[in-house]
Every structure is written in structure tokens, then in C-alpha cells.
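Analysis of the macromolecular model
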Amino acid sequence: VQIMQADSLDELLKELTGFDRANLAVVTTQEFDMPRYDLTWTCAGETGLLSCRAAILDDGTHYYVVTSQVPAENGELCRQQINQFFDSFGLYTSEGV
């Protein structure tokens, strides 16, 4: 989980994934009255192919980013935990109230 700044979403996606936005399938939705961007990609890691996922919230000043990487061969085994992790991602200002 990171709070990041970038000049544009395109720049942020390049920094996170190594790919240009045109080469990524980015799903755009709204959450907390902010744009949310979800994407997946694969890349080479030190021990083999990695299955990667990111979710980004954009408040207009900062990007709130959560990412995951698992060995591609374990992707299906980890799917439920990864989905729960990403489903819980958000900005909460009244936590515990």
C-alpha cells in the first residue's frame, strides 16, 4: 500500500507496471466519489513469471495504490485472498465511529 504522486495516471501506470497505458486493460469505476482504476499484468520476476494486480484511488492530488504480486503458478490458489484484500481497499475517515 502506497501514497504516490505523479504528473498523470499514465506516468503512474508506467512506473507501477513498466507498461504504457495503451498496453494495459484498465477498468475505471467510482469509489468514495473518486476514480478507481483496477488492472492486472504479468511480468518476469527473479524466480519466474509473476501475476500482478493493482488498484488505484485518485483524489486529484495523490494516488492511493495497493498492489500484489504472486508467482503465476500460484495465482489461482491465492485468488480468494487477493480478492478479499482488494475488496477491503479504500479510504476511511470515520473508522471506529
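Predicted model, so just to flag it, every value in this text is computed and none were measured.

Rules used in this analysis
- Residues numbered from 1 in each chain as written.
- Predicted model: local features only at pLDDT ≥ 70, side-chain atom pairs only at ≥ 80, totals over all residues.
- Heavy atoms only, no water.
- Helix = DSSP H or I, 4+ residues; strand = E, 2+ residues; numbered from the N terminus.
- Buried < 20%, exposed > 50% of the residue type's maximum accessible area, 1.4 Å probe, protein only.
- Contact = heavy atoms within 4.5 Å.
- pLDDT = per-residue confidence, 0-100.
- Expected span 1.5 Å × (residues − 1).
- Bend = angle between axes of the 7 residues up to and from the residue.
- Phe/Tyr/Trp six-rings, centres within 6.5 Å; stacked < 30°, edge-to-face > 60°.
- Lys NZ or Arg CZ within 6 Å of the ring centre and 35° of its normal.

A short note on the environment of Leu91
- Counting through the fold element by element, Leu91 comes out in the segment after α2 (75-87).
- You can call Leu91 partly exposed: its relative accessible area is 26%.
- In sequence terms Leu91 and Glu31 are 60 residues apart; their C-alpha atoms lie 9.2 Å from each other.
- Sequence-distant contacts of Leu91, defined by excluding residues within four places in its chain, comprise Phe32, Met34, Leu57 and Tyr64.

Overview of the confidence of the model for the protein
- Residues with a pLDDT of 70 or more make up 95% of the protein, whose mean pLDDT is 90.
- When mean pLDDT is compared element by element in the protein, helix α1 (residues 9-17) scores highest at 96, while α2 scores lowest at 88.

Some details on α2
- For α2, built from 13 residues, the straight-helix expectation of 18 Å at 1.5 Å per residue is met to within 8% by its first-to-last C-alpha distance of 17 Å.
- At Gln81, α2 shows its largest kink, close to 35 degrees.
- Along α2, the residues classified as buried are Gly75, Ile82 and Phe86.
- Next to the buried residues of α2 lie β3 (34-45), β4 (48-58) and β5 (63-71).

Focus on the environment of Glu73
- Summarising the element assignment, Glu73 is placed in the loop between β5 and α2.
- A relative accessible area of 61% places Glu73 in the exposed class.
- Residues Glu73 and Gly48, spaced 25 residues apart in sequence, show a C-alpha to C-alpha distance of 9.2 Å.

Things to note about the packing of aromatic side chains
- Applying the stated rule across the entire model yields one aromatic pair.
- Its end group placed over the ring of Phe86, Arg53 keeps NZ or CZ at 4.2 Å from the ring centre.

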